[in-house]
Each structure stands twice: as C-alpha cells, then as structure tokens.
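# Summary of structural features
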Amino acid sequence: RAGADAVHPGYGFLSENAGFARAVIDAGLCWVGPPPEAISAMGDKLAAKKLMRTVGVPTLPSAEVADDDPRALRALAEEIGLPLLVKAAAGGGGKGMRIVREPGQLAESVGSARREAAAAFGDATVFFERYLEGPRHIEIQILADRHGHIIHLGERDCSIQRRHQKLIEIAPSLILTPKLRKEMGEAAITIARAVKYDNAGTVEFLLDQEGRFYFIEMNPRLQVEHTVTEQITAIDIVRNQISIAAGKPLDIGQEDVPPQ
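Residues numbered from 1 in each chain as written. Predicted model: local features only at pLDDT ≥ 70, side-chain atom pairs only at ≥ 80, totals over all residues. Heavy atoms only, no water.

### What to know about the sheet that holds strand S11 (residues 213-219)
Strands sit in the order S9-S8-S7-S10-S11 across an open sheet of 5 strands; the sheet is antiparallel. Looking at the sheet topology across the chains shown, the edges are occupied by strand S9 (165-170) and S11. Neighbour-to-neighbour, the strand axes of this sheet turn through a mean angle of 35 degrees, independent of strand direction. Note that strand S7 (residues 136-144) and strand S8 (residues 150-162) share 6 bridges and pair antiparallel. Bridge assignment links Glu139 to a residue of S8, and that residue is Arg156. Packed on one face of the sheet, helix H7 (residues 226-233) meets S7, S8 and S9 and runs near 125 degrees to S8. (Pairing = 2+ DSSP bridges. Helix = DSSP H or I, 4+ residues; strand = E, 2+ residues; numbered from the N terminus. Axes fitted to C-alpha atoms, helices over the stretch in contact; angles between N-to-C directions. Contact = heavy atoms within 4.5 Å.)

### Things to note about the packing of helix H2 (residues 36-43) against helix H3 (residues 45-54)
Viewed as axis vectors pointing N to C, H2 and H3 meet at an angle of 95 degrees, and their least axial separation amounts to 5 Å. Compared by their axis directions, H2 and H3 come out roughly perpendicular. Counting all contacts with H2, which are made through Ala41, Met42 and Gly43, the residues of H3 involved are Lys45, Ala48, Leu51 and Met52. Split into classes, the residues belonging to the contact of H2 with H3 amount to 5 nonpolar, 1 polar and 1 charged. (Parallel < 35°, antiparallel > 145°, perpendicular 65-115°, else oblique. Nonpolar A, V, L, I, M, F, W, Y, C, P; charged D, E, K, R; others polar.)

### Things to note about the nonpolar core
Counting residues in each nonpolar core, the largest one holds 26 residues, and the members touching the most others are Met42, Met184, Ile191, Tyr197, Phe205, Phe215 and Met218. Going through the elements one at a time, H2, H3, S7, helix H6 (178-194), strand S10 (199-207) and S11 are the ones with two or more residues in this core. With 7 residues, the top contributor of residues to this core is H6. Ranked by size, the runner-up nonpolar core spans 14 residues in total, among them Ala63, Ile80, Leu84 and Phe128. (Core = buried A, V, L, I, M, F, W, Y, C linked by side-chain atoms within 4.5 Å. Buried < 20%, exposed > 50% of the residue type's maximum accessible area, 1.4 Å probe, protein only.)

### Considerations on the environment of Leu82
Mapped onto the elements of the fold, Leu82 is located in the loop between helix H4 (70-80) and strand S4 (84-88). Judged by its relative accessible area of 36%, Leu82 falls in the partly exposed class. For the pair Leu82 and Pro103, spaced 21 residues apart in sequence, the C-alpha to C-alpha distance is 8.2 Å. When near neighbours in sequence (up to four residues on either side) are disregarded, Leu82 contacts Ala77, Val100, Arg101, Glu102 and Pro103.

### Details of unusual backbone geometry
Going from Leu82 to Pro83, the amide bond is cis rather than trans, its omega being 0 degrees. By the secondary structure assignment, Pro83 is in the loop between H4 and S4. Pro172 follows Ala171 through a cis peptide bond whose omega is -10 degrees. Along the chain, Pro172 falls in the loop between S9 and H6. Even without glycine at this site, Lys196 takes up a positive phi of about 55 degrees. Tracing the sequence through the fold places Lys196 in the loop between H6 and S10. We note that Ala234 has phi near 60 degrees; this positive angle belongs to a residue other than glycine.

What follows is the structure, encoded as structure tokens:
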C-alpha cells in the first residue's frame, strides 16, 4: 500500500523469521537481509552445530533432549558432562536457557526451559550443551555480497552479561591476539560460505581460558549492537545491507577494515 519496493526488517524477531522473508520475496519485494534458506539453516541451533562440524569449525559437545524421563536425562547429561546448559534450539536472548550443575536439577531445568522456549519462540525443543566456566563471549560481524565476496569487520566482546543478555560491548576485544582475531574471523567467513550467506550477519563464539574458541550460533540479521562496529570501522553496515540487496558487489575488502 505504501508503494515500497523493498523491506528492511530492522533487528526484531521478523528479521530472522524465514517465513516472513519468503513472504516478502514472494510478494515481489526486495528483502534486505540474508536468504530465507540461510535464516532457516542458522535458526535451528542443533542443525547449525552439525553443519559446523562438517566444515571444521569447533563446537561444544551438545545433544537434543528427546526424552524427558529422569533416567534418560541423567544418561544424556553424563554423555555431555556437567556442568551443562539447557538451551532452546530455536531461541536467543537468554530465553529458554538454564545452567545445571547437579543431576537433581535436570528435570526441573528442562521443564522450565521448554515452557519458556515455547512461550517465546513457539518451539519447545531444547538441547544440552557443555557449560564453560568464565568464558569470553566474542561475536564477529560479517558482510557478504551476492557475488561470493565475504569479509568480517572484526569482533565485539560481549562477555559482560546479566541473565545471558549482553550489557556492555567492547570493540576491539582487549584479550584477542592478532592471531586469534584472524582465526576467528576466518572461521566466521567459513560459516557464512557454508550456508551461502549474503547480507549482514553476526557469528558468535565462546572463548575458553586456554584460548580455544567454539561456535555457538549465527544471528542471520542486523544486531542492535551493530553501531559499535560502525564506530570502530567507519563502515555503514545498514547502507551496505541495502547495497547488497540491490545486487551490488561490496566495494571494500578485508584489508580496508583495520579497527580504530
């Protein structure tokens, strides 16, 4: 009705809703975001982890909770190892997430995580993932065009959180070495290439105290904290989103993004 020929979904839930993206495209409009197929591939965290293992990107031990019987939960917990996280497969933002340190907490944690996940995402699927004590949470911003050109714009350290929700973003990270920054950036690009990604996105990793990193999820959208990266790179991410959606190639290379 407005006469628009493109839709930019912002960074709310519709921005990572593959059905909405498909509806926009089917209506003949330009979707300013990644392909619906890439959104779907990254929306299921368990499926995404399996894909990461095939392309050589490290992940934490994890498994879907298919049986809520207490004995089955204990057996699965022993396989993953305690402490562990119960996590919503379709979730984010700290919703549907519980830390379990004792076997006696499993049934209650799974039940409450399922209820919260169903209410927040319409999907009660949860999985167990090995819990790291005192990790750093590092996210890598990427841009990918439709011509196979993918770059990363460095990292944001979002380790300072409350209830698994980010409070403070630090960029560049104060703890990444140049070698680790390069390795994590290359891993993020590998992940984007594996799902034929284009447009803006963020790949999230956990970094343990020994300097090992693990893929946890990809946000196939613009994030609210994208402005932090814009501050240190002087690159307008939204402008690039629109340019990519219009079919234009990126006009910046990896060498053009040294962090300030």
